[in-house]
Amino acid sequence: MTMTKRDRSGDPASAPADAPSIPAAPGRRSHVPGDGSAASAAVEKARKDMLSDVRPRRRTRIGADVVCEALIRQGVDVFFGYPGGVILPLYDVLGDYPELRHILVRHEQGGAHAADGYARVTGRVGVCMGTSGPGATNLVTGIGTALLDSIPMVAITGNVPGALIGKDAFQEIDINGITLPMTKHNYLVRNADDLPRVFAEAFHIARSGRPGPVHIDITKDALQQETSAPHPSEEEVVAGLPGFRPTTEPNGRQLKLAAAEIAAAKRPMILAGHGVLHAEAWDELRAFAERTQVPVAHTLLGIGAIDETHPLSYGYMGMHGWKHVNRAIQSADLLFAIGMRFDDRVTGNVRTYAPYARIVHADIDPAEIGKNVAVEVPIVGDAKAVLRALLAMVPETAPEARAEYFAQLAEWRRESESSSWHGSGAWRDGLLSADYVVGRIGELTNHAATYVADVGQHQMWLARYTGFRQPNSHLSSGGLGTMGYCVPAAMGAALGRPDRETWAVAGDGGFQMTFQELMTLVQDRIPVKIALFDNKKLGMIRQWQEIIYAGNYHSATLLGPDYIKLAEAFGIPGFKASKPDEVDAAIRAAQAVDGPALVWFEIAEEQNVFPMMPAGKGLSDLIEKWGGADE
Amino acid sequence: MTTDGANNGRPPAGAPETPAHAVPPPRALPGGGETRRHVLVAIVLNKPGVLNRVSSLMRARNFNIESLAVSHTAQPDVSRMTITLRGDDVAVEQATKQLYRLIDVLKVQDVTAEPTIEHELALVKIRSTEANRAEILRLVELSQGRVLDVTAESVVAQVTGSEADVDSFVGLVRGYGIKELVRTGAVVMARGAGSIEEAIRR
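Heads up: these notes are all about the structure in this document. (Residues numbered from 1 in each chain as written. Chains lettered and ligands numbered in written order. Predicted model: local features only at pLDDT ≥ 70, side-chain atom pairs only at ≥ 80, totals over all residues.)

Let's shift gears to the overall build of chain A. When you go through chain A residue by residue, the secondary structure sums to 24 helices and 20 strands. Expected size for 631 residues packed as a compact globule is a radius of gyration near 25 Å; at 27 Å, chain A falls within 12% of this value. Its C-alpha atoms give chain A principal-axis dimensions of about 95 × 60 × 55 Å. Here chain A, with 631 residues, has 54% of them falling under the buried criterion. For chain A, the proportion of contacts with a sequence separation of at least 24, taken over those separated by at least 6, is 75%. (Helix = DSSP H or I, 4+ residues; strand = E, 2+ residues; numbered from the N terminus. Rg over C-alpha atoms; globule rule 2.2 N^0.38 Å. Buried ≥ 20, exposed ≤ 12 C-beta atoms within 10 Å, placed from the backbone. Contact = placed C-beta atoms within 7 Å.)

Before going further, it helps to spend a moment on the overall build of chain B. From N to C terminus, chain B includes four helices and nine strands. Seen in sequence order, chain B has helices and strands lined up from the N terminus as β-α-β-β-α-β-β-α-β-β-α-β-β. In chain B, of all internal contacts separated by at least 6 residues, the share reaching a separation of at least 24 is 73%.

This part takes up the sheet that holds strand 2 (residues 65-72) of chain B. All names here are of chain B. With respect to topology, four strands assemble into an open sheet ordered 2-3-1-4, the strand pairing being antiparallel. Edge positions in the sheet fall to strand 2 and strand 4 (105-110), since each has one partner strand and no second. Neighbour-to-neighbour, the strand axes of this sheet turn through a mean angle of 15°, independent of strand direction. Across ten bridges, strand 1 (residues 36-45) lies against strand 3 (residues 78-87) in antiparallel orientation. Counterpart to Val-44 in the pairing with strand 3 is Ser-79. Sitting on the sheet, helix 2 (residues 89-101) touches strand 1, strand 3 and strand 4, and the angle it makes with strand 4 is about 170°. (Pairing = 2+ DSSP bridges. Axes fitted to C-alpha atoms, helices over the stretch in contact; angles between N-to-C directions.)

Attention now goes to helix 7 (residues 195-207) of chain A. All names here are of chain A. In a regular helix each residue adds 1.5 Å, so 13 residues correspond to 18 Å; helix 7 covers 18 Å between its end C-alpha atoms and thus fits that length. Of all 13 residues in helix 7, eleven are buried, a share of seventy percent or more. Along helix 7, the residues classified as buried are Leu-195, Pro-196, Val-198, Phe-199, Ala-200, Glu-201, Ala-202, Phe-203, His-204, Ile-205 and Ala-206. The elements touched by buried residues of helix 7 are helix 2 (63-73), strand 4 (153-159), strand 5 (185-189), strand 6 (213-219), helix 8 (220-224) and helix 9 (234-239). (Expected span 1.5 Å × (residues − 1).)

Moving on, we come to the interface of chain A and chain B. Counting residues at the interface gives 34 residues for chain A and 33 residues for chain B. Of all the secondary structure elements, the ones that give two or more residues to the side of chain A that touches chain B are helix 10 (252-264) and strand 12 (377-380) of chain A. The biggest single contributor to the side of chain A that touches chain B is helix 10 of chain A, with four residues. Its residues assigned to classes, the side of chain A that touches chain B comprises 23 nonpolar, five polar and six charged. (Nonpolar A, V, L, I, M, F, W, Y, C, P; charged D, E, K, R; others polar.)

To continue, consider the sheet that holds strand 10 (residues 334-338) of chain A. Residues and elements named next belong to chain A. In spatial order, the strands read 9-8-7-10-11-12; together these six strands make up an open sheet with parallel pairing. Only two strands of the sheet have a single neighbouring strand rather than two, namely strand 9 (313-316) and strand 12. Going across the sheet, the axis of each strand differs from the next one's by a mean of 20°, ignoring polarity. In this structure, strand 11 (residues 358-363) lies alongside strand 12, joined through four bridges in parallel fashion. Note on strand 12: the bridge partner recorded for His-361 is Pro-378. The strands that helix 10 touches are strand 7 (268-272), strand 10, strand 11 and strand 12; relative to strand 12, the one it contacts most, it runs at about 130°.

Have a look at this one:
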């Protein structure tokens with residue numbers, strides 16, 4: 001193979017004859033800076049030019065430039081990456097684009113999760129980048145996480161030069177084949193002339209219709225190749241994608257059927273999902289719920305679709321959802337599901353799910369309708385468009401008309417909330433109760449921060465006890481359930497919404513998977529507050545083993561380091577709370593830090609998340625207690 | 001099914017409330033209906049990897065392709081796939097919807113219930129002897145096939161027709177010994193003047 005070395009005027013060894021040379025100092029030479037002479041000014045200028053990060057270089061436009069131009073055109077201000085052999089041509093030109101802030105992560109998985117976190121809080125496309133081979137495979141978990149939760153993301157990887165593809169070259173892997181089934185679309189670009197079109201298409205596909213990740217694999221020679229290909233307009237992009245025409249406007253006939261169902265229902269319930277947030281339809285949802293007086297239950301990723309203090313917000317549904325919510329679903333006569341997909345964590349056994357309910361299901365993805373449950377009224381459309389259209393079609397309902405229904409719901413809610421443990425903050429063993437800690441974090445941040453969960457018990461406690469009031473303030477790997485998601489995703493979230501405090505709430509298991517990104521937080525001054533829930537266990541594993549596997553606790557106990565020392569080694573202030581009366585002070589201390597901080601909560605080791613619906617069972621089969629202990 | 005008006009055993013909207021003690025009927029699961037052979041026609045952009053995308057999706061979504069025939073169409077950038085698979089109507093509808101999610105797929109149509117011409121071609125190398133050659137040639141002729149190659153020990157026959165036609169010919173000659181058998185898989189075209197491709201012509 002032949003490696004081409006590009007002539008750069010910034011590279012003195014190969015500077016072409018016409019490169020701008022340092023102006024010769026005329027006459028008297030002075031080494032005193034700022035003595036006002038022309039000579040010293042020339043020396044200062046030369047020194048400044050030499051030391052400046054951004055050196056204007058006389059060179060032609062290459063594929064790597066197209067990538068940077070495309071990112072800027074798409075409004076990318078920050079992205080996350082890790083360099084490597086074949087992506088170096090891109091890093092070689094990055095310095096010429098100071099408007100692009102590149103965050104050097106510590107592992108590509110962290111980069112992908114950070115792009116995901118950035119996308120979730122901003123609603124914009126997140127961008128991550130890695131090199132070929134291991135760099136690319138490390139991105140895969142993050143891409144999968146984004147796919148299952150419909151997160152708009154563009155993942156960029158380098159690949160070996162086109163001529164080496166298929167030759168098992170160094171760091172070559174068929175990453176295009178790997179990401180094919182786990183992206184919304186993917187590309188392999190071997191020619192720089194294709195880059196403008198591919199990037200414009202990728203961003204369009206990632207954010208349009210049901211969002212999702214798009215992967216672009218670029219050969220090293222395409223990054224280095226000269227090109228004058230122009231960037232296409234949005235119209236040209238749409239015209240070039242005849243197979244991608246998402247339906248956003250709902251069908252009028254289906255809307256009429258839905259309006260009739262809603263008008264006739266006596267015990268209706270809205271099931272709000274992530275699609276409401278994607279469509280930024282929270283105002284429409286509230287207006288619709290108020291007009292029809294239909295209570296709103298939400299999925300895990302639908303948290304924030306409605307302010308939880310709103311009288312019509314009923315709460316979190318599903319496997320670890322509130323008992324009163326599941327009970328209401330099981331007795332509802334109509335479910336109006338919007339922007340959700342009847343995941344098995346939501347329905348449990350479909351045969352016994354919502355047995356009295358007819359279902360109106362609105363989703364932007366036609367493939368989601370009728371996939372998991374059969375429905376009476378399917379509506380394909382964007383949540384905002386659907387709710388807007390329906391709002392004009394449904395009659396206004398007075399709250400008094402539902403007095404009996406609401407009284408029943410309120411009664412169930414009282415019962416359910418009082419049966420779940422939520423008292424003084426100390427659990428059986430005297431150690432901290434995790435739900436109490438979560439509640440305090442919500443309270444002390446005025447319920448106005450961004451809260452990022454990892455995966456496991458704390459994820460469920462966070463979902464239930466934080467008290468979410470704002471859209472896009474809760475991040476959680478719902479679909480793929482990716483442990484290790486929390487810290488890197490919080491990093492992206494904090495960069496996306498610097499106006500909000502960002503709390504990363506992680507268990508000790510997930511934290512130990514990706515805590516190398518603590519160093520990124522320090523290096524790039526990203527002020528994430530980490531709440532580490534340490535029960536010295538893989539808590540959810542332990543809970544399942546206790547209840548479903550007859551107490552066979554294999555591999556459930558997990559040693560951890562001294563997290564204060566760990567944080568300090570990274571240069572991050574650490575605080576610790578082991579008793580209820582230490583919680584507030586520790587949270588406040590972390591809030592007072594200008595920059596990242598960590599709070600180590602030593603929580604009860606054997607606390608379970610109740611209620612719990614065992615896998616394969618139905619929503620009416622919730623376990624609320626175990627071993628006689630009230631949790 | 002997700003069609004309007006289906007009740008899944010649910011009471012219609014506005015019906016008197018079901019008494020709390022009544023045992024509700026189990027909710028109908030999507031699918032679970034009678035399995036039959038379906039024929040899908042997919043019009044796709046002729047881009048690298050599009051066959052891989054389609055087959056990978058079918059594998060990942062747990063659909064088992066029986067046959068798949070791919071070729072160019074009259075438009076150079078468009079290819080046509082004929083996919084046969086077994087499944088109930090809802091499962092196949094789900095397969096269709098999933099195929100639509102692929103960016104390179106322009107159109108998918110389940111033509112199972114439509115009037116179509118369905119054809120496939122098979123080449124069969126049949127073991128033959130001096131004694132039974134005439135008999136084999138006669139069977140090929142009866143099945144409206146063609147003999148493409150004859151040697152002292154074999155006959156290569158070409159038969160075309162529906163899957164059932166080819167099955168029946170293969171059944172007929174199986175007794176002589178089949179040395180080799182290759183089938184193209186079905187290709188279909190709708191009867192009448194309408195065109196599946198016309199709808200997507202740009």
